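# Fold and geometry: a report
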Amino acid sequence: MSVLTLTPGAVTLGQLADIYWTQTPVKLDPACKTAVDEAASRIATAAAGKTAVYGVNTGFGKLASLKIAPEDTATLQRNLILSHCCGVGEPIARRMARLVMSLKLLSFGRGASGVRWDFVDLLQEMLARGVTPVIPAQGSVGASGDLAPLAHMTAVVIGEGEAEYDGAVLPGADALAKAGLAPLRLGPKEGLAFINGTQFSTAFALAGLFEAWHAARNALVISALSTDAVMGSTAPLQPEIHTLRGQPGQIEAAAAMRAILAGSEIRESHRDGDTRVQDPYCIRCQPQVTGAAMDVLRQAAATLEIEANAATDNPLVLSEAGLIVSGGNFHAEPVGFAADMIALAISEIGAIAQRRIALMVDPTLSHDLPLFLTPDPGLNSGLMIAEVTTAALMSENKHLANPCVTDSTPTSANQEDHVSMAAHGARRLMQMTRNLSRILGVELLCAAQGVEFRAPLATSQPLRAVLARLRRDVETLGPDRYMAPDLEAAAGLVASGALTTACDTPLPELKP
């Protein structure tokens with residue numbers, strides 16, 4: 001497997017997406033080593049001195065006023081990690097743990113954390129050799145840093161905790177040994193540098209962003225198929241309409257849908273003589289809704305790209321000024337806001353998709369498609385309950401889209417009296433995108449069924465390719481059959497990217 005070289009402070013969203021989708025090992029540009037070493041030297045000097053420096057020769061949080069003797073600083077850091085390994089719940093996915101590790105490397109590479117290069121080397125080697133810390137999903141409030149999950153990651157670095165290696169979960173020290181690696185002993189401030197930071201929250205927010213953008217692109221393709229299924233008008237896609245408003249996501253969404261629908265015989269068949277004046281909003285306003293969601297995702301992307309490149313532990317070593325300063329970069333408020341924005345976008349893409357599904361199963365709204373899209377309604381229920389399932393998923397996502405960042409609570413004896421709740425705000429995005437993929441999967445089944453009922457009229461060439469890809473996995477629905485595998489297969493096609501590949505039409509790119 002190739003290794004991706006990252007320049008701290010200049011990593012792009014595309015590189016971060018590559019790490020997430022492919023689990024590519026990373027290493028830091030060696031040019032950053034000078035700054036890392038200089039900061040580590042300043043920490044060593046401070047640890048040997050008599051002046052109290054938070055986290056270097058003092059206790060932590062409410063215990064910051066307690067001075068620690070130089071000979072106890074290593075024990076202080078080890079105790080910090082062990083005492084903070086209080087995560088609970090299921091372990092996070094391997095790809096997520098690797099993204100967290102990569103983000104921590106980027107933060108160290110800024111040369112403001114004061115860790116020795118040995119720790120950079122070890123994290124890089126763990127990624128390269130496949131040693132993945134077992135990190136429980138729950139326990140972080142998003143300030144001061146993602147303490148519990150990052151402590152579980154760090155525990156493996158010092159030979160504690162658990163890690164997955166070669167398909168087995170092992171004690172941390174054993175996993176390192178099997179990979180030909182050895183644990184390191186923490187020095188002054190190094191444990192604190194590992195756990196003070198937003199890397200857990202940021203990793204999940206980035207994952208939610210990438211999955212949500214992937215779903216939005218699928219939504220453009222599938223909604224175009226739905227438009228043809230109900231013989232919807234393409235007049236609302238007229239470019240001048242969207243240019244007059246000027247919203248970039250809306251403009252791009254309309255352009256993509258125009259290209260996808262171009263050449264449809266179904267569309268041409270009712271261009272003239274159609275007695276309907278306007279389509280319902282879920283057809284007519286697709287660019288305005290999905291496009292707006294894409295704009296929101298891009299705003300969140302801009303925040304998260306900055307955060308991924310940030311130094312977010314505490315205190316920070318300001319080498320040029322010759323200072324070690326305690327601040328609050330560990331507070332994940334920007335990440336929490338971004339996660340809430342992503343959640344809103346996911347919910348709205350699903351909400352309008354569910355209304356298109358409801359439209360297609362109702363012959364009073366679908367321009368005479370059979371009830372519940374079955375050729376023999378009454379004896380067969382067709383896609384009746386598939387639509388109900390999407391209503392449940394849509395409602396669940398609406399509930400999950402409520403903001404998390406507003407739900408602060410004091411912690412740590414009121415020393416940490418305002419927190420971001422970014423960690424679970426970001427974690428929920430994975431469930432929300434899974435729900436959205438299933439909603440879009442059912443819409444795909446309905447739209448495909450509807451388009452096939454329009455035969456001998458054919459849809460556009462890009463949509464015929466999408467339909468053909470679906471039919472490789474899911475047959476046309478005739479008499480009722482066991483439906484669960486169809487729903488999972490369709491959702492899998494959405495999640496895999498197979499539909500957008502089959503469509504082979506330019507779709508909007510995620511650019512902050």
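In this report, we go over the structure that sits alongside the text. None of the values given here were measured: they were computed from a predicted structure.

## Topic: the overall build of the protein chain
Each helix and strand in the protein chain was counted, giving 20 helices and nine strands. Computed over C-alpha atoms, the radius of gyration of the protein chain comes to 26 Å, within 12% of the 24 Å expected from 2.2 N^0.38 for 512 residues, which places it in the range of a compact globule. Counting only C-alpha atoms and orienting by the principal axes, one finds that the protein chain spans roughly 90 × 50 × 45 Å. Long-range pairs, those at least 24 residues apart, make up 78% of the contacts in the protein chain with a sequence separation of at least 6. If you sum the accessible surface of the protein chain, you get close to 20,100 Å²; carbon and sulfur atoms cover 55% of it. Charged side chains in the protein chain number 39 positive and 51 negative. The centres of these two groups are separated by 3 Å.

## Overview of unusual backbone geometry
Going from Ala-143 to Ser-144, the amide bond is cis rather than trans, its omega being 0°. One can find Ser-144 in the loop between strand S5 (136-138) and helix H6 (147-157). With an omega of 15°, the peptide bond between Ala-455 and Pro-456 qualifies as cis. By secondary structure assignment, the location of Pro-456 is in the loop between helix H17 (422-453) and helix H18 (461-473).

## A closer look at helix H11 (residues 248-261)
Taking 1.5 Å of rise per residue, 14 residues should cover 20 Å, and H11 covers 20 Å from first to last C-alpha, within 8% of that figure. Within the span of H11, buried status applies to Gly-249, Gln-250, Ala-253, Ala-254, Ala-256, Met-257, Ile-260 and Leu-261. Within H11, the buried residues cover an arc of 160° as seen down the axis, which keeps them to one side. On its buried face, H11 sits against helix H9 (199-229), helix H10 (239-245), helix H14 (286-308), H18 and helix H20 (498-503). Immediately beyond the C-terminal end of H11, within one or two residues, lies Gly-263, with a positive phi of roughly 90°.

## Some words on the nonpolar core
Buried together is how nonpolar side chains tend to be arranged in soluble globular proteins. Met-126, Val-131, Leu-206 and Leu-209 are the most contacted members of the largest nonpolar core, which has 152 residues in total. No other element matches the 19 residues that H9 contributes to this core. Among residues more than four places away in sequence, those in contact with Leu-206 are Leu-13, Leu-16, Leu-99, Leu-103, Leu-304 and Ala-308. Residues Ala-39, Ala-46, Val-56 and Val-317 belong to the second largest nonpolar core, which totals seven residues.

## Remarks on the packing of aromatic side chains
One pass over the structure, following the stated rule, counts five aromatic pairs. Ring geometry for Phe-108 and Phe-194: centres 4.9 Å apart, planes at 85°, overall edge-to-face. Highlighted residues: Phe-108 in helix H4 (residues 94-108) and Phe-194 in helix H8 (residues 190-195), separated in sequence by 86 residues. Each member of the pair, Phe-108 as well as Phe-194, is classed as buried. Each ring, one from Phe-119 and one from Phe-194, has its centre 5.6 Å from the other, and the planes form 70°; the classification is edge-to-face. With Phe-119 in helix H5 (residues 117-129) and Phe-194 in helix H8, this residue pair connects regions lying 75 residues apart in the sequence. Since its relative accessible area comes to 0%, Phe-194 is described here as buried.

## Observations regarding the environment of Leu-244
Residue placement: Leu-244 occurs in helix H10. Given the relative accessible area of 76%, Leu-244 is considered exposed. For the pair Leu-244 and His-214, spaced 30 residues apart in sequence, the C-alpha separation works out to 27 Å.

## Section: empty space enclosed by the protein
All told, the structure shown has three cavities of 30 Å³ or more when counted by the stated rule. One number sums up the size of the largest cavity: a volume of about 60 Å³. Taken together, Leu-383, Leu-445, Gln-449, Arg-471, Val-474, Glu-475, Leu-477, Arg-481, Met-483 and Asp-486 make up the lining of the largest cavity. Taken together, the residues that form the lining of the largest cavity break down as five nonpolar, one polar and four charged. As for the second largest cavity, its lining consists of Thr-227, Ser-233, Pro-236, Leu-237, Met-257, Ile-283, Arg-284, Gln-286 and Pro-287.

The rules behind each value
Residues numbered from 1 in each chain as written. Predicted model: local features only at pLDDT ≥ 70, side-chain atom pairs only at ≥ 80, totals over all residues. Heavy atoms only, no water. Helix = DSSP H or I, 4+ residues; strand = E, 2+ residues; numbered from the N terminus. Rg over C-alpha atoms; globule rule 2.2 N^0.38 Å. Contact = heavy atoms within 4.5 Å. Areas by Shrake-Rupley, 256 points an atom, 1.4 Å probe, with all protein chains shown as cover. Lys, Arg positive; Asp, Glu negative; His and termini not counted. Charge placed at Lys NZ, Arg CZ, Asp CG, Glu CD. Expected span 1.5 Å × (residues − 1). Buried < 20%, exposed > 50% of the residue type's maximum accessible area, 1.4 Å probe, protein only. Arc of directions from axis to C-beta. Core = buried A, V, L, I, M, F, W, Y, C linked by side-chain atoms within 4.5 Å. Phe/Tyr/Trp six-rings, centres within 6.5 Å; stacked < 30°, edge-to-face > 60°. 1 Å grid on protein atoms, 1.4 Å probe; cavity = no way out; pocket = protein on both sides within 12 Å on 5 of 7 lines; lining within 4 Å. Points joined across faces, edges and corners; volume = space filled by probe spheres on them. Nonpolar A, V, L, I, M, F, W, Y, C, P; charged D, E, K, R; others polar.

Geometric values such as these leave the question of function open.
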